[in-house]
Amino acid sequence: MLAEIRGLNEECGVFGIWGNQDAAHLSYYGLHALQHRGQEGAGIVTTDGTQLQAVRGEGLVNDVFNEDKLRKVVGHAAIAHVRYATAGGKGLENVQPLLFRSSTGSLAIAHNGNLVNATHLKQFLERSGSIFNSTSDTEVVVHLIKKSKHSPFRAKIKEALSLLKGAFSIILLTNDQMIVARDRNGLRPLSLGKLGDAYVVASETCAFDLIGAEYIREVEPGELLIISNNGLEVDSYVEKDKRTMCAMEYVYLARPDSNIDDVNVHMARKRMGKELAKECAHIEADVITGVPDSSISAAIGFSEESGIPYELGLIKNRYVGRTFIQPTQELRERGVKMKLSPVVQVVKGKRVIMVDDSIVRGTTSKRIVRMLKEAGAAEVHVVISSPPMTDPCYYGIDTSTHEELIASNHSVEEIREAIEADSLTFLSLEGMVRATNRPFEDENGGLCLACFTGKYPTEIFPDTVLPHEKDC
Ligand code: SF4
């Protein structure tokens, strides 16, 4: 669905390239492909081997960069970032990559994810004299590296990373190397690719496709990749823990043309739709429609399995100004009508199955159901291609608190009543996991399911701050 009106937001995307003289432009294109992961700020830091140079700004990738700016950041390597701003985390100082200059050398960092022990680490660092420039967790990582007594530099990084708990896909850049790391559970996605002789890393493989890079493999949980003019060196900073990649990447967050762990996101969503159709065989309907964009794949799968025709019953207005892309509840609600319109000729007098990927607060679902009924739909059956979202995410997705999550304190029947649907069906947990078809023997295919089960794969501390209460 429309991330900006629904209250379920990805927090950040990262990109890095080493070994191409056009690193800044390629990063710019990479960020374009990752724009859905964050629309509030973007940045690129390059190196030519002698100095790190940064361009950063608030807004969409196209707002932040132009040819003049890109020509000024030269070099054969770059790291880049798009970010989703949270209520408390606005401001240029939080736009990544963060760049730190010191007498021992400059260092830039781009981070996707959320650290569950950031508050604790920050208190420890502040007590020992660190001063923070931003409200971002990411700065904690750099202070830990700087504080480390280990030597050489790689040992400092290993020590710092081993202290982090939670979700992180991190890319670091110095004048002579690019260092890539993923948390021990592999909670947020991170892929490795090649473009000619250059190495490329990105949150999603759609960034590789846009620049013509070839996918090599996922960065493994707990892995540390060191990329330099000597090539790629594979190391690790910690033993891999239980693999638990975020299930919501398949359900909603990632772009349909991306592959995660060799599973195409669109195909996974289609299979979710098929599983859902099997679980909804009792519903009689004339037409199926999906809430654009992320529910279209599941709606097609539902239609293929059920034989009920798929139609474009809802249209997304792609040209609403980004003034409305604001992470506040009021604007989210006002934004629904600005961004979605029903196609009267498709839904009038029909029993409509409306496929959506998730229900967070329920307010948007209610508005869409009303919109379809006002357009003349005889019945609206809401089917959701994931289980009820009962628990908040501490790993970088802004899913709100227990109080705000409608499924946390309401039964399915109560939610159906609240959203004014004729029926409401959620996909079962087993059906969703089966649909992802992940190539791992691990429990649940190595997926994190915590926002559906409350079983978090890492410790959660009393002072763990939810992603929407701070920057990612
Ligand atoms: Fe993804 Fe949910 Fe796990 Fe967060 S809690 S990482 S949204 S599956």
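Residues numbered from 1 in each chain as written. Predicted model: local features only at pLDDT ≥ 70, side-chain atom pairs only at ≥ 80, totals over all residues. Heavy atoms only, no water.

By the naming in an unreviewed UniProt entry, the protein goes by Amidophosphoribosyltransferase and is assigned to Solibacillus merdavium. One UniProt comment on the protein, placed under Catalytic activity (unreviewed entry), says "5-phospho-beta-D-ribosylamine + L-glutamate + diphosphate = 5-phospho-alpha-D-ribose 1-diphosphate + L-glutamine + H2O". A UniProt comment under Function (unreviewed entry) is attached to the protein, and it reads "Catalyzes the formation of phosphoribosylamine from phosphoribosylpyrophosphate (PRPP) and glutamine." (UniProt positions renumbered as here; feature names shortened; annotations may be inferred.)

Visitor: I'd love a proper account of empty space enclosed by the protein, names of residues and values included.
Guide: As enumerated under the stated definition, the model contains three cavities of 30 Å³ or more in all. By volume, the largest cavity amounts to about 120 Å³. In this structure, the largest cavity is lined by 17 residues; those nearest its centre are C246, C393, Y395, C448 and C451. Residue assignment for the lining of the largest cavity shows that the elements contributing at least two residues are α9 (247-253) and α18 (450-453). (1 Å grid on protein atoms, 1.4 Å probe; cavity = no way out; pocket = protein on both sides within 12 Å on 5 of 7 lines; lining within 4 Å. Points joined across faces, edges and corners; volume = space filled by probe spheres on them. Helix = DSSP H or I, 4+ residues; strand = E, 2+ residues; numbered from the N terminus.)

Visitor: Lay out the nonpolar core with the relevant residues and their values.
Guide: One recurring pattern in soluble globular proteins: nonpolar side chains tend to sit buried together. Counting 47 residues, the largest nonpolar core has M248, Y250 and I353 as its most contacted members. Of all the secondary-structure elements, those providing two or more residues to this core are β14 (245-246), α9, α10 (265-279), α11 (296-306), β20 (351-356), α17 (429-436), β23 (447-448) and α18. Among the elements that take part in this core, α9 stands out by supplying six residues, more than any other. The next biggest cluster of nonpolar side chains, apart from the first, holds 29 residues, and it includes L26, V64, A198 and V200. (Core = buried A, V, L, I, M, F, W, Y, C linked by side-chain atoms within 4.5 Å. Buried < 20%, exposed > 50% of the residue type's maximum accessible area, 1.4 Å probe, protein only.)

Visitor: Help me get a handle on the site of the ligand, residues and values and all.
Guide: Surrounding the ligand, one finds R188, C246, A247, M248, C393, Y395, I397, C448, A450 and C451. Going through the elements one at a time, α9 and α18 are the ones with two or more residues in the shell around the ligand. (Near = heavy atom within 4 Å.)

Visitor: Just give me the short version of the side chain of R269, but keep the residues and values in it.
Guide: Counting through the fold element by element, R269 comes out in helix α10. Buried and unpaired, R269 has no salt bridge, with D357 as the nearest side chain of opposite charge at 6.7 Å. If we ignore the near neighbours within four places in the chain, the residues touching R269 are E249, Y250, V251, Y252, L253, A254, P256, S294, S297 and A298. (Lys, Arg positive; Asp, Glu negative; His and termini not counted. Salt bridge = Lys/Arg side-chain N within 4 Å of Asp/Glu carboxyl O. Contact = heavy atoms within 4.5 Å.)

Visitor: Outline the packing of aromatic side chains, supporting the account with residue identities and numerical values.
Guide: Following the criterion strictly, the structure yields five aromatic pairs and no others. Each ring, one from Y28 and one from F65, has its centre 6.0 Å from the other, and the planes form 85°; the classification is edge-to-face. Of the two residues, Y28 is situated in helix α2 (residues 23-33) and F65 in the loop between α3 (61-64) and α4 (67-72); the sequence distance between them amounts to 37 residues. Taken as a pair, Y28 and F65 share a single burial class, namely buried. Plain terms: the ring middles of F168 and Y237 are 6.2 Å apart, the flat faces sit at 40° to each other, and that makes the pair tilted. A residue pair is termed long-range when its members are at least 10 positions apart, and F168 in the loop between α7 (153-162) and β7 (169-173) and Y237 in the loop between β13 (231-236) and β14 qualify at 69 residues. Take F168 and Y237: they sit in the same class, and that class is buried. Site record: aromatic cluster; members linked through ring pairs are Y28, Y29 and F65. (Phe/Tyr/Trp six-rings, centres within 6.5 Å; stacked < 30°, edge-to-face > 60°.)

Visitor: Go over the environment of K147 with me, naming the residues and quoting the values.
Guide: Considering the arrangement of structural elements, one finds K147 in helix α6 (residues 138-147). According to the relative accessible area criterion, K147 is partly exposed, its value standing at 34%. For the pair formed by K147 and R188, sequence separation is 41 residues and the distance between their alpha carbons is 26 Å. Apart from residues lying up to four places away in sequence, K147 is in contact with L125, S128 and S130. Polar contacts involving the side chain of K147 include one to the side chain of S130, which spans 3.2 Å. (Polar contact = N/O pair within 3.5 Å; in protein donor to acceptor, adjacent residues only side chain to side chain.)

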